Amino acid sequence: MPPDAVALTDLTVRHGDVLAVDGLDLHVRRGETVALLGPNGAGKSTTVSAVLGLLRPDAGTVRVLGRAPADAVRAGCVGAMLQHGGLPGEARVGEVLHLVRCSYPDPWPLEDLVATTGIGGLLGRDVDALSGGQRQRVLLALALAGQPPLLLLDEPTSAMDVEGRRAFWTTMRDLAAFGTTVVFATHHLEEADAVADRVVVMAGGRVVADGPSAAVRSAVAGRTVRFSAPDGAAFDRVPGVTGATRLGGTVALATTDVEATLRALLADGVALTDLEVRGASLEDAVLSLVGGVR
Amino acid sequence: MSPLFVFQLRRVARNRQFLFFTVLLPALFTVFFTQVFAGTPGGVSPEQATATMVAMMSYGAIGAALGATVRPSFDRASGWLRQLRVTPVPQTSVVAVDVAVGMLLTLPPLAVVALTGRFAGGVRLAPGEWAGLVGVLWLGSAVFVALGLLLGWALEEKAAGGAIGIVGTVLAALGGLWVPVELFPSGLRAVAHGLPSYWYAETGRAAAGGALPPAPAIAALVGFAAVFGGLAVLVARRRPLTAVAG
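For clarity, every value in this text was computed on a predicted model and none was experimentally measured. (Residues numbered from 1 in each chain as written. Chains lettered and ligands numbered in written order. Predicted model: local features only at pLDDT ≥ 70, side-chain atom pairs only at ≥ 80, totals over all residues. Heavy atoms only, no water.)

## Some details on the overall build of chain A
Here is step 1: Helix and strand counts for chain A come out as ten helices and 13 strands.
Here is step 2: The principal-axis extent of the C-alpha atoms belonging to chain A is close to 70 × 45 × 35 Å.
Here is step 3: Among the 294 residues that make up chain A, the fraction classed as buried is 48%.
Here is step 4: Restricting the contact set of chain A to residue pairs at least 6 apart, pairs at least 24 apart contribute 64%.
Here is step 5: If you sum the accessible surface of chain A, you get close to 13,500 Å²; carbon and sulfur atoms cover 51% of it. (Helix = DSSP H or I, 4+ residues; strand = E, 2+ residues; numbered from the N terminus. Buried < 20%, exposed > 50% of the residue type's maximum accessible area, 1.4 Å probe, protein only. Contact = heavy atoms within 4.5 Å. Areas by Shrake-Rupley, 256 points an atom, 1.4 Å probe, with all protein chains shown as cover.)

See below:
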């Protein structure tokens, strides 16, 4: 059996006093598309950095396609978009791309790469003259330059507009269809849901949920119903409600079935003053998952 | 030639300021000092013209070595060094290319100022003396390549740009490259003797006179190169760990 694309065992990373990644176990099989989903500070970027060999773990092991991270990168098996990666000044886009393509054993044919990443008009451009979205496309082209079997993307769409995001994820789905292993960090549930066939939810440097995106989505897809209610009223038993919290005169009900909850409230004659229904934020979802795990 | 070497060389060559300050400015100074003072009472002796040219060759080469090698600090700030680390380009060749580019870029000021001295400054040396002069100054520039790399790795972007200017100026002014050390008061002369730039120019003056570089100069330059290089390696070793957060 070929080794996993990524194998993390008991990975622990400290940044000074902060425990960024806390005994993480994660195995990504070849060909999988995995989203690392979590709020800021969940340890996603640190995990990606460890897989790329950009930092030395305090404990645990990292294997990338059966090798040490630095060796896998040297062998041209990995392409990456970093959150804090950048382009060199006083250089043209085409020169940077040429340099990176040359470093891989089997570079992606230039024309095809340029067309796929949509940087056709940019090759002669000074790097310093690129817009945020254009930079991001060039960084994608660098990540794909060597046709690597494993792609690691750390919040790749953070500087993109809606259009750019859509094109980006279409490209990723195509690459995944051709067998590329894609691991990406995001804090957008929709991105994870739309692209990944497996979602790993991280919080506090640990995995709090791991499964097919549909399963994770239903676990985190709760809604919150808010309204003003007098003190003393209890709503724990209302259908669909998984939790009730009160802040001043406002009650917040977490529910898995908004419709059933609202019907029941109306049937009971509750005055739904200042009614508000919202999707749970990722933070809420992670909190509910953390609660479920413990 | 490695693609990275070509890439880096092209980037520096594109920087007009760099070319102006390291090649054109020392050449202009050479013309200025040898021609302007030729009209003053007493004129300029051949020895003075040669000394001026050697000082300006040293000044240009120091500026080029420092300016070419401080770049890691800019590339770290832009995130490019981090990006480069996730490509198959080995870290050792990134460093080797920085050294090679620094050494190569000290040649244009040495050559241009020498030609200026010969054809516009009236400096006359034997072919062997020219070769020896350029040769020792080129080898000696390794000291400033090491210093530039040390500053480039140790300092953040904003500090590094300023530091290069200040360090270059101090080395030139107090090392006797702008005003001969013989005109310094004795206290300042002692300071000059503690700077690598003084000993660097000293090897050039010896070579222009057809002599081998004096032993104290060689010892001083080897010592400085070892200290700068050693510190640079120490700083570079610490860098990968501290660069993680940014």
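Structure's up, so let's keep going.
## Section: the domain arrangement of chain A
Here is step 1: The assigned domain composition of chain A is domain 1 (4-217) and domain 2 (221-292).
Here is step 2: Spacing between the C-alpha centres of domain 1 of chain A and domain 2 of chain A amounts to 37 Å. (Domains from an automatic or database assignment.)

## Quick word on the sheet that holds strand S9 (residues 206-211) of chain A
Residue and element names in this part refer to chain A.
Here is step 1: Strand order in the open sheet made by the six strands is S5-S6-S7-S3-S8-S9, with mixed pairing throughout. With one partner strand each, in any of the chains shown, strand S5 (78-81) and S9 form the two edges of the open sheet. Across the sheet, the mean angle separating the axes of adjacent strands is 15° when strand polarity is ignored.
Here is step 2: For strand S3 (residues 33-37) and strand S7 (residues 181-186), the ladder comprises five bridges, and the chain directions are parallel. Bridge pairing in S7 places Leu36 opposite Ala185.
Here is step 3: The strands touched by helix H5 (residues 132-144) are S5 and strand S6 (150-154); relative to S5, the strand with the most contacts, the crossing angle is about 165°.
Here is step 4: Across the face of the sheet, helix H6 (residues 162-177) comes into contact with S3, S5, S6 and S7 while running at roughly 155° to S6. (Pairing = 2+ DSSP bridges. Axes fitted to C-alpha atoms, helices over the stretch in contact; angles between N-to-C directions.)

## Overview of empty space enclosed by the protein
Residue and element names in this part refer to chain A.
Here is step 1: Tallied over the full model, the rule gives two cavities of 30 Å³ or more.
Here is step 2: The calculated volume of the largest cavity comes to roughly 50 Å³.
Here is step 3: Along its surface, the largest cavity is lined by Val6, Leu8, Leu26, Val28, Leu36, Thr47, Val48, Val51, Leu152 and Val183.
Here is step 4: If one sorts the elements of the lining of the largest cavity by residue count, helix H1 (residues 44-51) sits on top with three residues.
Here is step 5: For the lining of the largest cavity, the residue count by class is nine nonpolar, one polar and no charged.
Here is step 6: Space inside the second largest cavity adds up to approximately 40 Å³.
Here is step 7: Lining of the second largest cavity is provided by Glu155, Thr157, Ser158, Thr186, His187, His188 and Glu191.
Here is step 8: Class assignment of the residues belonging to the lining of the second largest cavity gives a composition of no nonpolar, five polar and two charged. (1 Å grid on protein atoms, 1.4 Å probe; cavity = no way out; pocket = protein on both sides within 12 Å on 5 of 7 lines; lining within 4 Å. Points joined across faces, edges and corners; volume = space filled by probe spheres on them. Nonpolar A, V, L, I, M, F, W, Y, C, P; charged D, E, K, R; others polar.)

## Focus on the packing of helix H3 (residues 46-69) of chain B against helix H9 (residues 142-154) of chain B
Residue and element names in this part refer to chain B.
Here is step 1: At a minimum axis distance of 7 Å, the contact between H3 and H9 shows a crossing angle of 35°. Between H3 and H9 lies a crossing of right-handed hand. Side by side, H3 and H9 meet where Ile62, Ala65, Leu66 and Thr69 of the first sit next to Phe144, Val145, Leu147, Gly148, Leu149 and Gly152 of the second.
Here is step 2: Here the contact of H3 with H9 is composed, by residue class, of seven nonpolar, three polar and no charged. (Left-handed = near helix turned anticlockwise from the far one by under 90°.)

## Structural notes on the pattern of salt bridges
Here is step 1: One pass over the full model with this rule turns up 14 salt bridges over all chains.
Here is step 2: Residues Arg165 of chain A and Glu191 of chain A are paired through a salt bridge, measuring 3.5 Å at the closest nitrogen-oxygen approach. Placement of Arg165 of chain A in helix H6 and of Glu191 of chain A in helix H7 (residues 189-195) is noted, with a sequence separation of 26 residues between them.
Here is step 3: Measuring nitrogen to oxygen at the nearest pair gives 2.8 Å for the salt bridge that ties Arg11 of chain B to Asp75 of chain B. (Salt bridge = Lys/Arg side-chain N within 4 Å of Asp/Glu carboxyl O.)

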